[in-house]
Amino acid sequence: MRDLHFIWDLEDEPGGNVQHIAEHGITQDEVEEVVTEHRDEAVASRSSGLPTIFGRTATGKYICVVFEYVADDPPAIRTVTAFEAPQPRSKKGKKRGR
């Protein structure tokens, strides 16, 4: 699979995606980790229709990342938002890990 490029706003840009995810307690590394590891599992967001990926970070957070595709060659995405999400439950009511 080809490398994936992430488009990030400047860290001090008001309203930028870096500041936005930081407000939710998420880092750029966590976003990149989850998107890279679960890239083939993207689904459309129910509210925006944008691609959305869920996954666990190395820090133990279960997060949701909403993004948009910016380019195909090389593949690039821009994070719109990311936040901690409730862990999905299996049919038996137990938490399942990813």
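Above this text sits the structure in question.
Being a predicted model, the structure only gives us computed values, none of them experimental.

A. Seen up close, the pattern of salt bridges. This model, assessed by the stated rule, comprises two salt bridges. Between Arg78 and Asp9 there is a salt bridge, and its shortest N-O distance comes to 2.5 Å. Placement of the pair is Arg78 in strand E5 (residues 75–84) and Asp9 in the loop between strand E1 (5–7) and helix H1 (17–23), with a sequence separation of 69 residues. Take Arg78: its relative accessible area is 23%, and that puts it in the partly exposed class. For Lys61, the salt bridge goes to Glu30, with nearest N and O atoms at 3.2 Å. A residue pair is termed long-range when its members are at least 10 positions apart, and Lys61 in the loop between strand E3 (51–56) and strand E4 (62–72) and Glu30 in helix H2 (residues 28–38) qualify at 31 residues. The exposure classification of Lys61 matches that of Glu30, with both residues buried.

B. Inspection of the side chain of Thr52 at higher detail. Position of Thr52 among the secondary structure elements: in strand E3. A relative accessible area of 4% means that Thr52 is categorised as buried. Of the polar contacts made by the side chain of Thr52, one reaches the backbone oxygen of Leu50; its length is 3.1 Å. Apart from residues no more than four positions distant in its own chain, Thr52 is found in contact with Glu41, Ala42, Val43, Ala44, Ser45, Cys64, Val65, Val66 and Phe67.

What counts and how
- Residues numbered from 1 in each chain as written.
- Predicted model: local features only at pLDDT ≥ 70, side-chain atom pairs only at ≥ 80, totals over all residues.
- Heavy atoms only, no water.
- Salt bridge = Lys/Arg side-chain N within 4 Å of Asp/Glu carboxyl O.
- Helix = DSSP H or I, 4+ residues; strand = E, 2+ residues; numbered from the N terminus.
- Buried < 20%, exposed > 50% of the residue type's maximum accessible area, 1.4 Å probe, protein only.
- Polar contact = N/O pair within 3.5 Å; in protein donor to acceptor, adjacent residues only side chain to side chain.
- Contact = heavy atoms within 4.5 Å.

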